[in-house]
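Summary of the model geometry
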Amino acid sequence: MDHGFSLTDNPWLLLPSAAGKAAQERSLRTALLDAHEFGDLVVEIPTQRAAVFRQVLLPVILDAVGRPADEREWMNWYSTGQWSQEQRFKLQEYLDTHRGVFDLFDPVQPFGQVAGLSTAKGDTKNAGLIVATAATGNNVPLFASRTEGDAFSLTPAQAAHWLLHTQCWDTAAIKTGAVGDPQAKAGKTTGNPTAPLGQMGVTLLTGATLFETLLLNIPIGAPPTSTDLPQWRRRDPADPRSAGTPQWQTRAPEGLLELWTWQSRRIRLFPEATDEGLRVTRVLVAAGDRMPHTPEIEPHTMWRVEPTGGRNPGKAKGGTTLPRRPLRLQPGKAAWRGLDALLAPERQSRDAGEKTSGFATSKVLDQAGGLVLELGDAYPLRVELSGIAYGNQSAVIDDVMFDTMPLPLAALDADSYIRSALLEVAEQAEQLATAVNHLSADLRRALGTEPIPWDKGQRPGEQVLHALDPLVRRLLTGMRGVEDLERIEAGQLAWEQLAWRRSWEIADRLLQAVPVGAFAGRSVSQGEGKPERTHRVPLAEASFLKRRGEILHRVDALRRNSVTPENE
């Protein structure tokens, strides 16, 4: 029995109204044509957002409407607040023309899958295989409420989201060997890398509406080449590079459309009719196309820029020099702690990259920086970062990372006062955390114990960063639209005053926990011919207070001229 589920016309995208009304599932057609009426896409886990945008929403727009040639054309699109009549017609026509290839369960060309994909034994797997939060094989989430033996029953909408997520974020290691794949051996394919987004931290920009979000994430530039096609237009069974065959290759994408819709896995969903409606309970996931490295046309990642004149630049397989490598996110690290990379403009990275390593921001963020005058300093831009940390040879998911934060557009200007201020604030927070860690180490030495190793346990500096997190985010929001240098300085002073108190609260807890015996201190030899060093609680406290004053220099200078007790 044939089943059908059209992504074009069946509701599967959960979208709230731009006015804040409850989210409802919408079809691809409605989501795109009426994008100005909707807010943020709602998903089950944050990494699904990047998958839906890159695998479907953005490539449909790029293939149907094209992309702005320059900043002036981008602003013409943006200024209307919605698609023009001509653009709506192109989108409608495109969705009508390609409606058949957006059927999730089409027997000949199922969307994002290979029709007839099978194993030599006819095996299939539990649908939980494509659910990143499910316990399957070696991938067992710490707090999973299900086990591998539990049957998964996915609605077509859920299956669509997890299908796209698998193409973008799947784990590495062994995959099922498919019939028709000449590179499969003994029913398996080895050496699979993680899916493309798993090798970078993804940077998406968010606007006030879905329409604005889509525009913010489309790079300005030349139209796609004739060979750059989305996966649904590369479905020729006679072509070994076709996304619709079990065969796969290691190669670079032709362009942005192929990059966004990259088929890193060959997948087949098996739907069945149940009492609850159409459900996906079984799947197959086999090896798919492999990229030798992340291409520089990738618009949604920050980069680590290697020194081109250095002796050990990054290299791809085969020895090709890679001047840039995608920057991965670190688990537990707030987005604002990476402002040095987020705010590293393209021009600056090119200058620094010749002799020293550095960072470059994503293409879409760099592009937004060039639109400050048009959008205005007060534009409510938000930056959304997502990534996955893999473990055990990248065969399991250890952590899903996600953070979002407001970002003043002016901060993207390399010469702006706001950019300098925000970078200073982020650095001050890190320095305060280090200062508290040093205090903890000195107190432990005074007790006769060793400091907490940097790579083991939780050091108190993390508590400092956690306490400062809402303060930094409040400052980021408050700096929107601020141009006056005095107001920027006032904002930094207010931040320092709050940071002064928060850091002392944590330092004071460490001091209060020290037993009386530690006040006598402990003398430690520093080697032959060197005087002993004595560790005492008062010395540790004095050292911290001095360092705090150096870090928060504005409030320190203000307090020196006041009668307020130092540690309040």
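In the block above lies the structure referred to throughout.
Residues numbered from 1 in each chain as written. Predicted model: local features only at pLDDT ≥ 70, side-chain atom pairs only at ≥ 80, totals over all residues. Heavy atoms only, no water.

All told, the structure shown has eight aromatic pairs when counted by the stated rule. Measuring from ring centre to ring centre gives 6.2 Å for Y78 and Y379, while their planes differ by 70°; the resulting arrangement is edge-to-face. A residue pair is termed long-range when its members are at least 10 positions apart, and Y78 in helix α3 (residues 71-79) and Y379 in the loop between α11 (372-375) and β14 (382-391) qualify at 301 residues. Y379 shares its class with Y78; the two are buried. Ring pairs connect the aromatic residues W74, Y78 and Y379, which therefore count as one cluster. (Phe/Tyr/Trp six-rings, centres within 6.5 Å; stacked < 30°, edge-to-face > 60°. Helix = DSSP H or I, 4+ residues; strand = E, 2+ residues; numbered from the N terminus. Buried < 20%, exposed > 50% of the residue type's maximum accessible area, 1.4 Å probe, protein only.)

A few words now on the environment of A172. Locating A172 in the fold gives a position in the loop between α5 (156-169) and β4 (173-176). Sequence-wise, A172 and S394 are 222 residues apart; in three dimensions their C-alpha atoms are separated by 5.4 Å. With residues up to four places along the chain from it excluded, the contact list for A172 reads N192, P193, T194, R265, Q393, S394 and A395. (Contact = heavy atoms within 4.5 Å.)

This next bit is on the pairing of strand β6 (residues 202-206). Across the five residues of β6, five count as buried, placing the element largely inside the fold. Burial of β6 is two-sided: the residues V202, L204 and T206 facing one way and the residues T203 and L205 facing the other way are all buried. By the bridge criterion, five bridges tie β6 to β14 in an arrangement that is antiparallel. Residue pairing across strands places V202 opposite S386, the latter belonging to β14. (Pairing = 2+ DSSP bridges.)

W12, L28, V60, L269 and W336 are the most contacted members of the largest nonpolar core, which has 142 residues in total. Those residues within four positions of W12 in sequence are excluded, and the remaining contacts are F5, L7, E25, R26, S27, L28, V52, V56, A157, A160, H161 and L164. Residues V114, A178, F270 and L284 belong to the second largest nonpolar core, which totals six residues. (Core = buried A, V, L, I, M, F, W, Y, C linked by side-chain atoms within 4.5 Å.)

Taken together, the three strands give an open sheet; going across it, the order is β6-β14-β15, and neighbouring strands pair in antiparallel fashion. Two strands bound the open sheet, and with one partner strand each, they are β6 and β15 (396-406). The sheet shows a mean angle of 20° between the axes of neighbouring strands, direction not considered. α5 rests against β6 and β14 of the sheet, and its axis sits at about 70° to β14. (Axes fitted to C-alpha atoms, helices over the stretch in contact; angles between N-to-C directions.)

With that settled, consider the environment of T294. In this fold, T294 is placed in the loop between β8 (277-287) and β9 (303-305). For the pair T294 and L259, spaced 35 residues apart in the sequence, the C-alpha separation amounts to 9.3 Å. T294 has contacts with M200, W303 and P326, leaving out every residue within four places of it along the chain.

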